[in-house]
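# Structural overview
Single-letter residue listing:
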Amino acid sequence: MSAFDFADLELFITGPTYIRPDVRNAGVLPEFGHRDAENDKRFVPIFANLRALAGIPAGCGDYEVILYNGSGSTVLESAIRSLVADDETVLNVSVGAFGDLWHKMAQVNGKKARQYRFGWGRAVDLESLAAALEESRPGVVTITHNETSTGVTNDIVACCELVREYGALPLVDGVSIFGGVDVRLMEAMPALYATSTQKALGLPGGFGIAFVHQTAIAKAEKVANRGYASDILTQLGRARKNQTLTTPNTTLANQMCVQLDYIVHTEGMENRFARHAAMRDQLAAWLAGVDGYRFFAPEGHRAPTMTAIEAPAGVTPTRLKTLKEAMRAKGFLFDTGYMKMNDYLEAEGRPAVFRIGHMGDLTPAMLARYLDALEPELALVREAARS
Ligand SMILES: *Cc1c(COP(=O)(O)O)cnc(C)c1O
């Protein structure tokens, strides 16, 4: 290991996220055969704990869970391929880069796709969404729960309810929020909810996770050309046996078994959600005292898992890159923000937006240390932009 000189930075980016020592250590647990009884010892509790984290009542058959080899994007594309029929429209509701990604996936898979986009930093507005549904009459609607490029969280319970009123299937991307909040799955009742391991679950990347409602399973049976690994029904055949369709990363499976057990049975879900809410409030209290910097997301739509911060006028992405190196020297990995959005904002003459990830297993004490280290650097950047 030492031959490679890897820096052990504390990650405050929006994914991948910090890994607890116990989860790192679980990486040395034994490898196993994924069609052997040893597989069940890992995946039976993994599936059960994922259901618990999503708030699915024990024995409830409304939702089934699939673990995809890949990541969150793998689930998003699988949903498009399996759930959007050729003769219908998919409406891709977007409040930023990850909403746009789902639209792109619909287009490159040859689906009839329309995008309904809210400006950078805005949340889904229900009245506008109703008008868009009225106009497009889609069969399927994609929505981002937490838009990681802007730090904006949408009210998915209200959004999904509205989409269902129009007779469409709501699909939700919850990649950067699941594991940090109660996602209220049973209330929102999306046809599919997607997430992945490397964000608020505090694990390395490698699995995409899908909660699939029975309405989606029934729908997939009527959709042509679902592919193979992208087919929800093929995936489901293995998931029902607590397996993955193709060979899983067994190191990650061991770590995931340990981590989900810790989340559900040691830390406790309520405590985990409360810790995330506390870090959001901690950040808000801190930001109020930092001259010139402000929230990018509107009040009421700020994520407990990450925060996007608008820098003072004159702060360019280049200056943020310099700041990133200063933070690296202090042992932290700083997030300079979503590059494509910052390029756009710079072209408009607007200041750059950076992000602070505070999800997974980061603690308020770790966040406090990070903010203490960051504050003088932010002042330097502000002064440099002024002169
Ligand atoms: C990170 C992220 C993705 C992409 O997830 P991968 O696991 O990297 O494929 C999709 N959507 C959102 C909201 C994200 O934050």
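For the structure itself, consult the block above.
Below or above, wherever it landed, is the structure these notes cover. (Residues numbered from 1 in each chain as written. Predicted model: local features only at pLDDT ≥ 70, side-chain atom pairs only at ≥ 80, totals over all residues. Heavy atoms only, no water.)

### A word on the sheet that holds strand β4 (residues 112-117)
- Across the sheet, seven strands lie side by side as β2-β10-β9-β8-β5-β3-β4; this open sheet has mixed pairing. In this open sheet, the two strands that pair with only one neighbour each are β2 (63-69) and β4. Pairs of neighbouring strands in the sheet enclose a mean axial angle of 20 degrees, with direction left out of account.
- Looking at chain direction, strand β3 (residues 89-94) and strand β5 (residues 140-144) are connected through three bridges and run parallel. Considered in β5, the bridge of V90 is made with V140. (Pairing = 2+ DSSP bridges. Helix = DSSP H or I, 4+ residues; strand = E, 2+ residues; numbered from the N terminus. Axes fitted to C-alpha atoms, helices over the stretch in contact; angles between N-to-C directions.)

### Looking at helix α10 (residues 250-267)
- If you check α10, its first and last C-alpha atoms are 24 Å apart, about what 18 residues at 1.5 Å a residue would give, namely 26 Å.
- Of all the positions in α10, only T250, L252, A253, N254, Q255, M256, C257, Q259, L260, I263, V264 and E267 are classed as buried.
- Looking one or two residues beyond α10, the residue adopting positive phi is G268, at roughly 95 degrees. (Expected span 1.5 Å × (residues − 1). Buried < 20%, exposed > 50% of the residue type's maximum accessible area, 1.4 Å probe, protein only.)

### Section: the layout of surface pockets
- Taken as a whole, the largest pocket holds about 410 Å³ of empty space.
- As for the largest pocket, its lining consists of 20 residues, of which H145, T153, N154, R280 and G300 are closest to the centre.
- Secondary-structure elements contributing two or more residues to the lining of the largest pocket are α6 (156-165) and α11 (269-287).
- In terms of residue count, the dominant contributor to the lining of the largest pocket is α11 (three residues).
- Tallied by class, residues from the lining of the largest pocket come to eight nonpolar, five polar and seven charged.
- By volume, the second largest pocket is sized at about 170 Å³. (1 Å grid on protein atoms, 1.4 Å probe; cavity = no way out; pocket = protein on both sides within 12 Å on 5 of 7 lines; lining within 4 Å. Points joined across faces, edges and corners; volume = space filled by probe spheres on them. Nonpolar A, V, L, I, M, F, W, Y, C, P; charged D, E, K, R; others polar.)

### Re the site of the ligand
- The environment of the ligand is made up of S71, G72, S73, F98, N146, T148, D173, V175, S176, S196, Q198 and K199.
- Between the ligand and G72, the relevant distance is 2.8 Å, taken from an oxygen atom to a main-chain nitrogen or oxygen of the residue.
- Within the contact set of the ligand, a nitrogen atom lies 2.6 Å away from a side-chain nitrogen or oxygen of D173.
- For the ligand, the accessible surface in isolation is 380 Å², of which the surrounding protein chains cover 88%.
- A class-by-class count of the residues in the shell around the ligand yields two nonpolar, eight polar and two charged. (Near = heavy atom within 4 Å. Polar contact = N/O pair within 3.5 Å; in protein donor to acceptor, adjacent residues only side chain to side chain. Areas by Shrake-Rupley, 256 points an atom, 1.4 Å probe, with all protein chains shown as cover.)

### Some remarks on the side chain of R275
- Structurally, R275 can be placed in helix α11.
- Overall, the relative accessible area of 12% leaves R275 in the buried class.
- Polar contacts involving the side chain of R275 include one to the side chain of E267, which spans 2.8 Å.
- Reaching out from R275, the side chain makes a polar contact with the backbone oxygen of L362 at a distance of 2.6 Å.

### Digging into the nonpolar core
- Core analysis: the largest hydrophobic core is formed by 64 residues, its most contacted members being L50, L192 and F211.
- Ranked by the residues each element gives to this core, the list is headed by α10, at seven residues.
- Setting aside its immediate chain neighbours within four residues, L50 contacts V65, L67, F178, L201, I209, F211, M256 and L260.
- Of all hydrophobic cores here, the second largest spans 29 residues; its members include L283, V290, M366 and L371. (Core = buried A, V, L, I, M, F, W, Y, C linked by side-chain atoms within 4.5 Å. Contact = heavy atoms within 4.5 Å.)

In short, the description is geometric, and any link to function would need to be established separately.
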